[in-house]
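# Tertiary structure, described
As a plain string of letters, each chain reads:
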Amino acid sequence: MKFNILQKLKEIFLKVKSRLKFYFVFLVAVFIFFTIFSIGANLFSYFDPLTFCYIGIENDMLRGNQKTVRKAIGLLKKEDIQSYKTLCKNVDTIVEEYCRAADPRGRGQEVGIDEPGCYIRGSKVIYLIPTKKDNQFVINQRSEMIKKYAFFSKNFWENQQD
Amino acid sequence: MPTNLRDYIKDSFMKGLKKAQIEASLLQSGWTKEQIEDAFERIEFSQKEFIEKHRKRILPSKKVFTIFLLILLFFGLIYQFFFYIDIGNSCFVKIIPSITLEFSNSNIKRSIKILKYGSPADYQDFCRLVDTIDANIDCGGFEGGCYRGGKRIAVSTAQGTVSWTVAIIVHETCHAMGFGETECYAAGDRILGTIVEI
């Protein structure tokens, strides 16, 4: 009887052990995949695996700086988590490009070209004026702009639903 | 192997009894352990055989499945590269990709979607008056567009900004409505003012 119980316990232990081994290998595989994906995604865009926040960054190679866009998003996450959540939900792409709010051939002058950024209504795209500079002032300014235009996008899509 | 033993086991399973319970009851009735195990094995084998036989009938074969996937992929690619379809608004536009500029047409498709939500009235005009967009360079040059008569326009704004592509689409749609350059520049200007929020 005693032997039977021991035998049974041993069987259960072996079963649990093999199951745990499987789960462990599975978790390690998922972790490795996720890490590689995160690193790859962060080369060309912004990806935060903890909040599942993915934002494509289309940068201007010659005039822009993708790093400061990523740092600005990181700053927003650190300082204003609510705005960061709004950003993740309402913005899918940040483009380093000059805003053009008018056709100079129609109006005779450019509008918006000197603005630090803008939001494209009907999309989840925001533009940021390209700059190669990489300092705290630029990061702070970009963070503020990203926050402002994320709320523009939120307002647009909320009004669409009404 | 007497069939009544197998029937008894099947009935017991149907009643919700566990294997161990059935085994114990059969041992008490005088059946040997070998006979019982043999009966269980035969039942399991016939069950597996039944599943295997019917799986072929229920599930499609690998070949059919592969062909179905390939067809799906083919039509998916055709749609991705050559068409913009919005059934709800009866909008069907053929997009001719440019091998040299932008083969994916993602910029044009994205811009049409912006027009749809950003300026529904212009979108309705576009859907009504345009059925073909050519992404190759035409009389408008690079980053420009051209009205080719009928329902055809050219929009060569590969990798350009989406807002500018929207403006070109509206400008060329304006020509399709019969207006001249002055009115259509004004239309492009108006749509930029509408969709770009500073």
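The rules behind the values
- Residues numbered from 1 in each chain as written.
- Chains lettered and ligands numbered in written order.
- Predicted model: local features only at pLDDT ≥ 70, side-chain atom pairs only at ≥ 80, totals over all residues.
- Heavy atoms only, no water.
- Disulfide = S-S within 2.5 Å.
- Helix = DSSP H or I, 4+ residues; strand = E, 2+ residues; numbered from the N terminus.
- Buried < 20%, exposed > 50% of the residue type's maximum accessible area, 1.4 Å probe, protein only.
- pLDDT = per-residue confidence, 0-100.
- Contact = heavy atoms within 4.5 Å.
- Buried area = accessible area lost by both parts, 1.4 Å probe.
- Salt bridge = Lys/Arg side-chain N within 4 Å of Asp/Glu carboxyl O.
- Pairing = 2+ DSSP bridges.
- Axes fitted to C-alpha atoms, helices over the stretch in contact; angles between N-to-C directions.

This brings us to the state of the cysteines. All names here are of chain B. Evaluated as defined, the whole model comprises four disulfides over all chains. Note that Cys 91 is cross-linked by a disulfide to Cys 127, the S-S spacing being 2.2 Å. Given an S-S torsion of about -90°, the disulfide between Cys 91 and Cys 127 has left-handed geometry. Of the two residues, Cys 91 sits in strand 2 (residues 91-96) while Cys 127 sits in helix 6 (residues 120-129), which places them 36 residues apart along the sequence. By relative accessible area, which is 0% here, Cys 91 ends up buried.

What follows concerns the confidence of the model for chain B. Residues and elements named next belong to chain B. On average, residues of chain B carry a pLDDT of 87, and 94% of them reach 70 or more. Mean pLDDT across the secondary structure elements of chain B bottoms out at helix 3 (residues 33-58), with 78, and peaks at helix 6, with 96. Interface confidence in the predicted complex, given as ipTM, is 0.77; pTM for the same model is 0.73.

Listed as interface residues are 28 residues of chain A and, on the opposing side, 20 residues of chain B. Between chain A and chain B the total buried area reaches about 2,100 Å² when both faces are included, carbon and sulfur atoms providing 59% of it. Among the residues chain A hides against chain B, the three largest losses belong to Arg100(A), Arg105(A) and Arg121(A). Together they make up 28% of the total. Counting every contact that joins chain A to chain B gives two salt bridges. The closest approach of N and O atoms between Glu197(B) and Arg121(A), which form a salt bridge, is 3.3 Å.

Sheet strands pair by backbone hydrogen bonding; their relative direction is either parallel or antiparallel. One open sheet holds the six strands; their spatial order is 1(A)-2(A)-3(A)-5(A)-4(A)-6(B), and the pairing between them is mixed. Edge positions in the open sheet fall to strand 1 (45-48) of chain A together with strand 6 (196-197) of chain B, since each of these has one partner strand only. Bridging between strand 1 of chain A and strand 2 (residues 53-58) of chain A involves four bridges; their strand directions are antiparallel. Bridge pairing in strand 2 of chain A links Asp48(A) to Cys53(A). Of the strands in this sheet, strand 1, strand 2, strand 3 (93-96) and strand 5 (125-128) of chain A are in contact with helix 2 (residues 66-79) of chain A, which crosses strand 1 of chain A at around 30°.

Here we take up the pairing of strand 1 (residues 83-86) of chain B. Along any regular strand the residues' side chains alternate between the sheet's two faces. All names here are of chain B. Judged by which residues are buried, strand 1 turns out to be one-sided: Tyr 84 and Asp 86 face inward and are buried, whereas Phe 83 and Ile 85, on the alternate face, are not. Note: strand 1 against strand 2, four bridges, orientation antiparallel. Counterpart to Phe 83 in the pairing with strand 2 is Lys 94. Where strand 1 folds back on strand 2, the antiparallel hairpin that results is connected by four residues, among which Ser 90 adopts a positive phi of roughly 50°.

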